[in-house]
Amino acid sequence: MNPPVSHSGATSMRTHMCGDLRASDIGSEVSVCGWVGRRREHGEHLAFVDLRDHSGLLQCVINNNVDVRSEYVVRITGVVRARPEGTVNDSLPTGEIEIGDCEVEILRRSESPPFSIDDRANDVDENVRLQYRYLDLRRSRMQRNLRVRAAVNSAVRTSMERQGFVEVETPMLVPSTPEGAREFLVPSRKSPGEFYALPQSPQLFKQLLMVGGTDRYYQIARCLRDEDLRADRQYEFMQLDMEMSFVEQDDVLDAVGDAVLAAAEAVLGERPPAIERMTWHDSMNRFGIDKPDLRFGMELVELTSTFGSTQFKAFAGAESIKGILVSGGAADFGRNQLDKLTDRAKGIGAKGLVWLKVTSEGFESPVAKFLSEEESASVRAAMSASEGDLILIVADEWATTCEVLGTLRNDLGRPPVHEGPYRYVWIVEFPLFVGVDPVTGTPRPGHHPFTRPHPDDVDRIESDPLSVRSIAYDLVLNGWELGSGSIRIHEPELQRQVFSALGITEEEADSKFGFFLRPFDYGAPPHGGFAFGLDRLTAILAGEDNIREVIAYPKTQSGTDPMTKSPLPVDGEVLGDLGLRVLPKVD
């Protein structure tokens, strides 16, 4: 899983990196530099020191009188020799050799570190790790993750440039725009009371690059959103951002797919197979979620027709009835476990959850007596159930049934994000609109309002907007959404039609998006694009389930930085220059 690395560490101070020496170097005089790890005394005259740099560990045999301690920075010169018989360490790439006849030069002493600088630091409180991030970064795990990230970035850049994309940097100080997430605002000293925003994405600027004839743009872009943090989200994140002119959906998916698979190959050593595709509707029906994890089964099974004439009141008249099968002895679940599953289902929005334990004689369940023999047999056959399995059934509106069972499926079967194969999937044909605003009665956009409707559904934008599909697509890996994109609207007439459906007047559109829409009157080409999160992709390829582990200086889940103590108050004089004052916090 480690990306190929050429250390090339020779400098005037050292001849080799610690982790590069091998048995083929026996007899060579070498100089290595690094940090002292473990020190082990060996009799009165000798000590074994593990010297560490980013390439690995190297055992050095030094004079016992040399005062070197944990995390001292040293330069050691000596002769490479084979380790004595019986002392070879097969777990280390350098485990066959050691450095003897050592001269030690102390380059810098160190205070005793607050935690062990090895991978046992995984047990250290995260706030402590981030407070001393400069020490945390010395560990092999973090060094590997940063190099995995560099390999991903390099492979993505190479792929995009090979495909004819041009790297263009877009502004970091932009106008505030409604993109669905909170922005970080930057006050203007020159224009008191007015603000820039930090970009949530380069969306508007990259589309204007297409109007400007750039044709194929990409950027490894820093984006910022003032949203609650979690395992796959930070205030600051990096994404591969791209846009193409004169294209259809397949062209964008092929270009992005090449970059993503090239990144995986750079880290894993082999290229994954071509990325499969699935419509949003199929994904919801089969997995109950629009970012499905394809590494395990437990697909949702349609049971609505099975209960078409049922007398069981909980199922009668339900819009959608679906089930999932939990195998592997799940029928042994106790009543406490089953009650927790029921509470979980209700917490998501279900009216209830029906569970059926499969036995040799039929079903064990409080509701088994309400099912006819024909219904019981049909359910067992439809679910391909065997003795010892557990069937979970939800009857509700279609969207609720999908969401509840999709969540339970993940709860019960999903492996850690980095385990098992890497299963990429494109989800296509998302709804153009999702739900209706309860105040205005107008539909809400599923993506941004510049997303192109599916050509087969355009005639239903006014009459049946919730049935309209979009030419929008998401890329999913092991249940994590890596990113999303769409073919854009480039005709002012169609854009006005979508705005009208959303309840956006021409005056409002001009006020909010005028600087973006006016250039389209000067000849905008058909175009589409995509952006995917490099933090998320890197985390999965590095075997991490939290993107903080692949970011050099992340924020904690509360949004603070223990190392710099930010965010911090600002001097009143500075606020005055900006025309700002801090109001008391309102509880």
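Please refer to the structure placed before this passage.
This one's a predicted model, so the numbers in the text were calculated from it and none came from an experiment. (Residues numbered from 1 in each chain as written. Predicted model: local features only at pLDDT ≥ 70, side-chain atom pairs only at ≥ 80, totals over all residues. Heavy atoms only, no water.)

### What about the overall build of the protein chain?
For the protein chain, the helix and strand inventory stands at 13 helices and 22 strands. Its C-alpha atoms give the protein chain principal-axis dimensions of about 90 × 75 × 55 Å. Of all 587 residues assigned to the protein chain, the portion counted as buried reaches 48%. Summed over its atoms, the accessible surface of the protein chain is roughly 28,700 Å², and 49% of this surface lies on carbon and sulfur atoms. Measuring between centres, the 64 positive side-chain charges of the protein chain sit 4 Å from its 91 negative side-chain charges. (Helix = DSSP H or I, 4+ residues; strand = E, 2+ residues; numbered from the N terminus. Buried < 20%, exposed > 50% of the residue type's maximum accessible area, 1.4 Å probe, protein only. Areas by Shrake-Rupley, 256 points an atom, 1.4 Å probe, with all protein chains shown as cover. Lys, Arg positive; Asp, Glu negative; His and termini not counted. Charge placed at Lys NZ, Arg CZ, Asp CG, Glu CD.)

### Considering the nonpolar core
Counting 49 residues, the largest nonpolar core has Met242, Tyr424 and Phe532 as the members making the most contacts within it. Here the element with the most residues in this core is helix α5 (residues 249–268); it accounts for eleven residues. When residues no more than four places from it in sequence are discounted, the contact partners of Met242 are Met160, Phe165, Lys206, Tyr217, Tyr218, Val252, Ala255, Val256, Gly529 and Phe530. Membership of the second largest hydrophobic core comes to 20 residues, among which are Val326, Ala330, Leu392 and Leu405. (Core = buried A, V, L, I, M, F, W, Y, C linked by side-chain atoms within 4.5 Å. Contact = heavy atoms within 4.5 Å.)

### Some details on the packing of helix α7 (residues 335–348) against helix α9 (residues 398–413)
As a packed pair, α7 and α9 sit with axes 9 Å apart at the nearest point and diverge in direction by 135°. As far as their axial angle goes, α9 and α7 are oblique. The interaxial crossing formed by α7 with α9 has right-handed handedness. Of α9, the residues touching α7 (which contributes Leu341, Arg344, Ala345 and Ile348) are Glu403, Val404, Thr407, Leu408, Asp411 and Leu412. (Axes fitted to C-alpha atoms, helices over the stretch in contact; angles between N-to-C directions. Parallel < 35°, antiparallel > 145°, perpendicular 65-115°, else oblique. Left-handed = near helix turned anticlockwise from the far one by under 90°.)

### Some words on the side chain of Gln59
One can find Gln59 in strand β3 (residues 56–63). Residue Gln59 is classed as buried on the basis of its relative accessible area, which comes to 8%. A polar atom in the side chain of Gln59 sits 2.8 Å from the side chain of Glu98. (Polar contact = N/O pair within 3.5 Å; in protein donor to acceptor, adjacent residues only side chain to side chain.)

### So, the pattern of salt bridges
Counting across every chain of the model gives 41 salt bridges. Across the pair Arg548 and Glu126 runs a salt bridge whose closest N-O atoms are separated by 2.7 Å. Pair noted here: Arg548 is in the loop between α12 (534–542) and α13 (572–577) and Glu126 is in helix α1 (residues 126–131), with a separation of 422 residues, a long-range link. Of the residues examined, Arg548 reaches a relative accessible area of 6% and is grouped as buried. Ionic pairing is found between Arg139 and Asp136, a salt bridge with its closest N-O pair at 2.8 Å. Each of Arg129, Arg133, Asp136, Arg139, Arg141, Glu544 and Glu549 takes part in salt bridges that share partners, so that together they form one network. (Salt bridge = Lys/Arg side-chain N within 4 Å of Asp/Glu carboxyl O.)

### Some details on the pairing of strand β10 (residues 236–245)
Along β10, nine of the ten residues are buried, which leaves the element largely enclosed by surrounding structure. As paired strands, β10 and strand β22 (residues 527–533) are joined by seven bridges and run antiparallel to one another. By the bridge assignment for β22, Met242 is matched with Phe530. (Pairing = 2+ DSSP bridges.)

### With respect to the sheet that holds β22
Sheet strands associate in pairs through backbone hydrogen bonding, adopting either a parallel or an antiparallel arrangement. Read across the sheet, eight strands follow the order β6-β9-β10-β22-β21-β20-β17-β11 without closing on themselves; strand pairing throughout is mixed. Each edge of the open sheet carries a strand with a single partner, namely β6 (166–167) and β11 (276–279). Bridge analysis of strand β20 (residues 472–477) against strand β21 (residues 480–487) gives six bridges, and the strand direction is antiparallel. Across the sheet, residue Leu475 finds its bridge partner in β21, namely Gly483. The strands that helix α3 (residues 140–162) touches are β6, β9 (216–224), β10 and β22; relative to β9, the one it contacts most, it runs at about 150°. Against the sheet, α5 engages β10, β11, β17 (424–428), β20, β21 and β22, with an angle of about 160° to β17.

### Points about the sheet that holds strand β12 (residues 301–302)
The five strands are arranged β12-β13-β16-β14-β15 in an open sheet whose pairing can be described as antiparallel. The open sheet has two edge strands with one neighbour each: β12 and β15 (363–364). On the sheet, α7 packs against β14 (354–358) and β16 (390–396) and is oriented at approximately 145° with respect to β14.

Read these as spatial facts, not as claims about activity.
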